[in-house]
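Descriptive structure summary
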Amino acid sequence: MSSETFFQVCQFWAGIAILTFILLQFVKAPYGRHIKKGWGPEISNKWGWILMEAPSFFIILYFFVSSDQSSYASLLSLLWLIHYANRTFIFPVRIRTKGKKMPLVIVLSAVFFNLINAGLNGYFLAHFETYTTANYTSWNFLVGILLFFGGAWINQKSDTLLIGLRKPGEVGYKIPKGFLFNYISCPNHFGELIQWGGFALMALNCPATTFLLWTAANLIPRAMNHHKWYKKTFDEYPESRKAIIPGVL
Ligand code: NDP
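Conventions we followed
- Residues numbered from 1 in each chain as written.
- Predicted model: local features only at pLDDT ≥ 70, side-chain atom pairs only at ≥ 80, totals over all residues.
- Heavy atoms only, no water.
- 1 Å grid on protein atoms, 1.4 Å probe; cavity = no way out; pocket = protein on both sides within 12 Å on 5 of 7 lines; lining within 4 Å.
- Points joined across faces, edges and corners; volume = space filled by probe spheres on them.
- Nonpolar A, V, L, I, M, F, W, Y, C, P; charged D, E, K, R; others polar.
- Salt bridge = Lys/Arg side-chain N within 4 Å of Asp/Glu carboxyl O.
- Helix = DSSP H or I, 4+ residues; strand = E, 2+ residues; numbered from the N terminus.
- Buried < 20%, exposed > 50% of the residue type's maximum accessible area, 1.4 Å probe, protein only.
- Near = heavy atom within 4 Å.
- Polar contact = N/O pair within 3.5 Å; in protein donor to acceptor, adjacent residues only side chain to side chain.
- Axes fitted to C-alpha atoms, helices over the stretch in contact; angles between N-to-C directions.
- Parallel < 35°, antiparallel > 145°, perpendicular 65-115°, else oblique.
- Contact = heavy atoms within 4.5 Å.
- Core = buried A, V, L, I, M, F, W, Y, C linked by side-chain atoms within 4.5 Å.
- Left-handed = near helix turned anticlockwise from the far one by under 90°.
- Expected span 1.5 Å × (residues − 1).
- Bend = angle between axes of the 7 residues up to and from the residue.

1. Things to note about the layout of surface pockets
Approximately 190 Å³ is the volume attributed to the second largest pocket. Residue lining of the second largest pocket: Lys 28, Pro 30, Arg 33, His 34, Lys 36, Asn 225, Lys 228, Trp 229 and Lys 232, and that is the complete set. The class makeup of the residues in the lining of the second largest pocket is two nonpolar, two polar and five charged.

Written out as structure tokens, the structure is:
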């Protein structure tokens, strides 16, 4: 594929992310607390997570081992792999969702989304990257890597606090407290957004920016829906808490 065609595909895919963001203002992705009947066959929630996220891990791994990437591109691949090793193999084992299901259609749409996003990012890092060692001293690398690890830390800590709200075997919901939960309902989503913002800044390329758009398109509506759900479900839910951006949204 020529770089012009690649760039056009990338822009088209970014356009679909914006349409998805608009669609998700009207449709609640039916998994986790928002699951409901009528979305066709279901599979185990844990297996759903493994299947949804595996393409992101294996596609980047494939491009990483089969191409001759510069050290900077290799670093980007490794950061992606670390995140998706956790999301695919560790997170599904840790979550306490015994007996819970997820619609197969959600799994398949996430597989599609991950195939394209990982495919575009992997293809770019294998075929079009022109990074040099000078990139390591650029402002966007230094700020980007801080944001990547800062966001990953917020995401991990928040997911850990949420998972810990249930004792083994429990499946209900409680009001999360402490850490950034004092300011927003979904610091895990906030952290993930910051993390991929950092990645896009380090990479400064079309597919990484497009992936950030897709992450925002999925996570902002999901956090807004979680926030509304908390307020509807718990009378005592803290009034001052926002959904995903402290003090703002
Ligand atoms: P949630 O916050 O909905 O859930 C995380 C886990 O904690 C689930 O196991 C959930 O159980 C449990 N949980 C959440 N809130 C409570 C509560 N109040 N009481 C008890 N248990 C609770 O996260 P998501 O499912 O939306 O996402 C999971 C991870 O995946 C996050 O880190 C997110 O950032 C990431 N993600 C990334 C996307 C991307 O586009 N890059 C898209 C979607 C998610 P249950 O499932 O039963 O609700």
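2. Some points on the pattern of salt bridges
For the structure on display, the rule yields five salt bridges. A salt bridge links Lys 37 to Glu 42; the shortest N-O distance between them is 3.3 Å. Of the charged contacts, one joins Asp 159 and Arg 87 as a salt bridge, the two residues approaching to 3.6 Å between their closest N and O atoms. Highlighted residues: Asp 159 in helix H5 (residues 139-163) and Arg 87 in helix H3 (residues 71-94), separated in sequence by 72 residues. For the pair formed by Asp 159 and Arg 87, the shared burial category is buried. Here the salt bridges share partners, and the residues they tie into one network are Arg 87, Asp 159 and Glu 192.

3. Side note on the site of the ligand
With respect to spatial proximity, 27 residues lie near the ligand, and among them Lys 100, Asp 159, Tyr 173, Arg 222 and His 226 are the closest. Arg 87 places a side-chain nitrogen or oxygen 2.9 Å from an oxygen atom of the ligand. Counting only elements with at least two residues in the shell around the ligand, the list comes to H3, H5, helix H6 (187-203) and helix H7 (206-233). Residues that form the shell around the ligand fall into these classes: 10 nonpolar, nine polar and eight charged.

4. Digging into the packing of H6 against H7
Contact pair H6 / H7: the axes reach a minimum separation of 9 Å and the direction vectors enclose 170°. Comparing their axes, H7 and H6 come out roughly antiparallel. Packed against H6, whose contacting residues are His 189, Glu 192, Leu 193, Trp 196, Gly 197, Phe 199, Ala 200 and Ala 203, the element H7 presents Ala 208, Thr 209, Phe 211, Leu 212, Thr 215, Ala 216, Leu 219, Ile 220, Arg 222, Ala 223 and His 226 at the interface. When the residues that make up the contact of H6 with H7 are grouped by side-chain class, the tally is 12 nonpolar, five polar and two charged.

5. As for unusual backbone geometry
The phi dihedral of Phe 179 is positive, around 50°, even though this residue is not glycine. You can see Phe 179 is positioned in the loop between H5 and H6. A residue is classified by how much of its surface remains accessible, and Phe 179, at 23% relative accessible area, is partly exposed. Even without glycine at this site, Leu 204 takes up a positive phi of about 40°. Within the element layout of this structure, Leu 204 appears in the loop between H6 and H7.

6. Remarks on the nonpolar core
Looking at soluble globular proteins, one finds that nonpolar side chains tend to be buried together. In this structure, Leu 76, Trp 80, Tyr 131, Trp 196, Phe 199 and Met 202 are the most contacted members of the largest nonpolar core, which totals 32 residues. Listing elements by their share of this core, those giving two or more residues are helix H1 (3-23), helix H2 (45-66), H3, helix H4 (104-127), H5, H6 and H7. No other element matches H3, which puts seven residues into this core. For Trp 196, the contacting residues outside a window of four places in its chain are Trp 80, His 83, Tyr 84, Phe 148, Phe 211, Leu 212 and Thr 215.

7. Notes on the packing of H3 against H6
Interaxial distance between H3 and H6 falls to 10 Å at its minimum, and their mutual angle equals 165°. Between H3 and H6, the crossing angle belongs to the class labelled roughly antiparallel. The two elements H3 and H6 cross, and the hand of that crossing is left-handed. Between H3 and H6, the residues in contact are Tyr 72, Leu 76, Leu 79, Trp 80, His 83, Tyr 84 and Arg 87 and Glu 192, Gln 195, Trp 196, Phe 199, Met 202 and Ala 203, respectively. In terms of residue class, the contact of H3 with H6 is made up of nine nonpolar, two polar and two charged.

8. Side note on the environment of Gly 48
Relative to the elements of secondary structure, Gly 48 occurs in helix H2. Look at Gly 48 and you get buried, because its relative accessible area is 0%. Expressed as a C-alpha distance, the spacing of Gly 48 and Val 111, which sit 63 residues apart in the sequence, is 9.9 Å. If sequence neighbours within four positions are ignored, Gly 48 has contacts with Ile 43, Met 102 and Val 107.

9. Some words on H3
Here H3 spans 33 Å end to end across 24 residues, near enough to the 34 Å set by a 1.5 Å rise per residue. Along H3, the sharpest kink reaches roughly 35°, centred on Arg 87.

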